[in-house]
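# Coordinate inspection notes
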2 protein chains.
Amino acid sequence: MKEHYEVIKNAFRPLEIGEDRHLEFLEFWEVVEYSKGSFLTESGQVEHYFYVVLEGVQAVYILTPNGDKKVIGFSFDGRFSGIYDSFLKASGSHYFLEALTDSKLLRMNKAQYDSLFELYPEFNEWGRVVHQELLIGRVQREVELITMDAKERFDVFMKRCPEKLLTVPQKYLASYLNMTPETFSRMRKRIS
Amino acid sequence: MKEHYEVIKNAFRPLEIGEDRHLEFLEFWEVVEYSKGSFLTESGQVEHYFYVVLEGVQAVYILTPNGDKKVIGFSFDGRFSGIYDSFLKASGSHYFLEALTDSKLLRMNKAQYDSLFELYPEFNEWGRVVHQELLIGRVQREVELITMDAKERFDVFMKRCPEKLLTVPQKYLASYLNMTPETFSRMRKRIS
DNA sequence: CATATTTCTTGATATAGATCAACGTTTCAA
DNA sequence: TTGAAACGTTGATCTATATCAAGAAATATG
């Protein structure tokens, strides 16, 4: 597990995990692998894990009554993953979490996660700040969905899209931007 | 301030503020009033306060380049209010926070808010949980905006809309549901 | 490597909901 | 209380983007 210390340390920044405790903290994690197309969690299930991504790209999406996937977000190297609301509330998820590429992740279960806050009260501050960041990010996306048309969403997304994400099929990116693959393709063409 | 103890206590649930501390805690707050149509915060300003609403309804919105208001959310009796991201990061806000009715609120400033977490470490847990709830709520709204058409958004909203909100001009509700007042009016008619 | 499957592109058409316009109704301020 | 302003309704259009269709390109699989 030691080889993953840097990844975990970065993921939890700015929290400083004391030198004395980091070996103990590493014990919380286990490595899991998922192959492309497999599901970490499916709709209806409870999310039992909290993840840090080592390799690969994953997507969270919902399935609408007419069967289209609507992508809510992506996760990749060095970031957290999981169906966070289901995990926190230990209640059934409405989402799918799918590995879009072969993936390797670290995970801990709910009991371990909860014990973090008991064992190390300073994690509460980390939790507060991380939730705050996530919240700001979600509101940002909401504003973009509301105020921008397809062209603007495409342009803004492309400007700040990390390379990794461009390796997944375009239909997932299109869905994340709340447009059809056809529209995405036309936005793309427009540039050249 | 003592007369507001119940409101504050409820707002911060499930956090238990120890009997010994609650008088001290009450000292953090001051009462402010805003008349209908006035702004608690305007775009460009930094939000200096964190609010608990005693009376009235407030809306958060952004102004698009073509000058339409896009309502992001409402706050009312017993709930928190403020431009939370600007407040937390002490950076300029892109939002307007407007009193839609005459309003009375409790507020504390950023220094006081920060000191809460230093003086009372148990507030970190409260902060973590509150941010978690807010996050879940925002994702919920995002999913509804993405997956539902105007009719569905209207129906779902009406089913769970608190009475208070129906007193504000319909154009604000329409904007919150990401539709024009005309469309809102037509959705309304459809029912009867 | 070959071919089956999935993804991407391009054009033609359809449609939800926006926009525009005009009028009725409510709210507000003097 | 009254006139002016803001808000709500209704109908006629317009438009961005979805949907449908069909072929081309890429990718996966035996």
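As a starting point, this report considers the structure included with it. Please read these numbers as outputs of a predicted model, since none were measured by experiment.

## A look at the relation of the copies chain A and chain B
- For the pair chain A and chain B, the relating rotation is 180°, the translation along its axis is 0.0 Å, and the fit reaches an RMSD of 0.0 Å. Such values leave the two copies arranged in the relation of a two-fold axis. Distance from the rotation axis, computed per C-alpha, reaches its smallest value in chain A at R128 of chain A: 1.9 Å.
- A share of 100% of interface residues in chain A that are also interface residues in chain B marks the association as one of identical surfaces.

## Concerning a negative patch on the surface
Residue and element names in this part refer to chain A.
- Where like charges cluster on the molecular surface, the negative patch consists of E19, D20, E24 and E27.
- Residue placement: E27 occurs in the loop between α2 (19–26) and β1 (30–34).
- Look at E27 and you get exposed, because its relative accessible area is 63%.

## Remarks on the protein's contact with DNA strand D
- Looking at DNA strand D, there are 17 residues lining it, with A150 and T183 of chain A together with Q170, K171 and R186 of chain B nearest.
- Among all atoms of DNA strand D positioned within 4 Å of the protein, those belonging to sugar or phosphate total 63%.
- Q170 of chain B has a polar backbone atom sitting 2.7 Å from a phosphate oxygen of DNA strand D.
- When residues of the surface near DNA strand D are traced back to their parent elements, those giving at least two are α8 (181–191) of chain A together with α7 (170–176) and α8 (181–191) of chain B.
- A total of 5 residues in the surface near DNA strand D trace back to one element, the largest contributor, which is α8 of chain B.
- For the surface near DNA strand D, the class distribution of residues is 3 nonpolar, 5 polar and 9 charged.

## Focus on helix α2 (residues 19–26) of chain B
Residue and element names in this part refer to chain B.
- Along α2, the residues that are buried comprise H22, F25 and L26. Buried residues of α2, viewed axially, fall in a sector of 90°; they line one side.
- In this structure, the buried residues of α2 make contact with α1 (5–11), β8 (103–109), α4 (110–119) and α5 (122–147).

## Considering the protein's contact with DNA strand C
- Contacts to DNA strand C come from 17 residues, most closely from Q170, K171 and R186 of chain A together with K36 and T183 of chain B.
- Here DNA strand C approaches the protein such that, of its atoms within 4 Å, sugar and phosphate make up 65%.
- Here a phosphate oxygen of DNA strand C sits 3.0 Å away from a polar atom, N or O, in the side chain of S185 of chain A.
- In the environment of DNA strand C, a phosphate oxygen lies 3.1 Å from a nitrogen or oxygen atom belonging to the side chain of T180 of chain B.
- Those elements giving two or more residues to the surface near DNA strand C turn out to be α7 (170–176) and α8 of chain A together with α8 of chain B.
- Element by element, the count of residues in the surface near DNA strand C is highest for α8 of chain A, at 5 residues.
- Looking at side-chain class alone, the surface near DNA strand C contains 3 nonpolar, 5 polar and 9 charged residues.

## A look at the sheet that holds strand β6 (residues 80–81) of chain A
- Taken together, 4 strands build an open sheet; the order of strands is β1-β8-β3-β6 (chain A) and the sheet is antiparallel. Only two strands of the sheet have a single neighbouring strand rather than two, namely β1 and β6 of chain A.

## With respect to the interface of chain A and chain B
- Listed as interface residues are 29 residues of chain A and, on the opposing side, 29 residues of chain B.
- Where chain A abuts chain B, roughly 2800 Å² becomes buried across the two surfaces, and 68% of that area is made up of carbon and sulfur atoms.
- The largest per-residue losses of area from chain A upon contact with chain B belong to R128, E142 and I146 of chain A, which jointly make up 24% of the total buried on that side.
- Along the contact surface separating chain A from chain B lie 4 salt bridges.
- Notably, a salt bridge pairs R138 of chain B with E142 of chain A, separated by 2.5 Å at the nearest N-O pair.
- The residue inventory of the side of chain A that touches chain B, partitioned by class, reads 14 nonpolar, 7 polar and 8 charged.

## Side note on the pairing of strand β4 (residues 57–63) of chain A
Residues and elements named next belong to chain A.
- Within β4, 6 of the 7 residues are buried, leaving the element largely enclosed by the surrounding structure.
- Sheet analysis places β4 next to strand β5 (residues 69–76), joined by 7 bridges and oriented antiparallel. Following the sheet pairing, Y61 is matched in β5 by V71.
- For β4 and strand β7 (residues 96–99), the ladder comprises 4 bridges, and the chain directions are antiparallel. In the strand pairing of β7, Y61 is matched with F96.

Cut-offs used in this document
- Residues numbered from 1 in each chain as written.
- Chains lettered and ligands numbered in written order.
- Predicted model: local features only at pLDDT ≥ 70, side-chain atom pairs only at ≥ 80, totals over all residues.
- Heavy atoms only, no water.
- Least-squares fit on C-alpha atoms with pLDDT ≥ 70 in both.
- Contact = heavy atoms within 4.5 Å.
- Patch = residues over 30% accessible without salt bridge, like charges linked within 9 Å, V, L, I, M, F, W, Y side chains within 5 Å.
- Areas by Shrake-Rupley, 256 points an atom, 1.4 Å probe, with all protein chains shown as cover.
- Salt bridge = Lys/Arg side-chain N within 4 Å of Asp/Glu carboxyl O.
- Lys, Arg positive; Asp, Glu negative; His and termini not counted.
- Charge placed at Lys NZ, Arg CZ, Asp CG, Glu CD.
- Helix = DSSP H or I, 4+ residues; strand = E, 2+ residues; numbered from the N terminus.
- Buried < 20%, exposed > 50% of the residue type's maximum accessible area, 1.4 Å probe, protein only.
- Near = heavy atom within 4 Å.
- Polar contact = N/O pair within 3.5 Å; in protein donor to acceptor, adjacent residues only side chain to side chain.
- Nonpolar A, V, L, I, M, F, W, Y, C, P; charged D, E, K, R; others polar.
- Arc of directions from axis to C-beta.
- Pairing = 2+ DSSP bridges.
- Buried area = accessible area lost by both parts, 1.4 Å probe.

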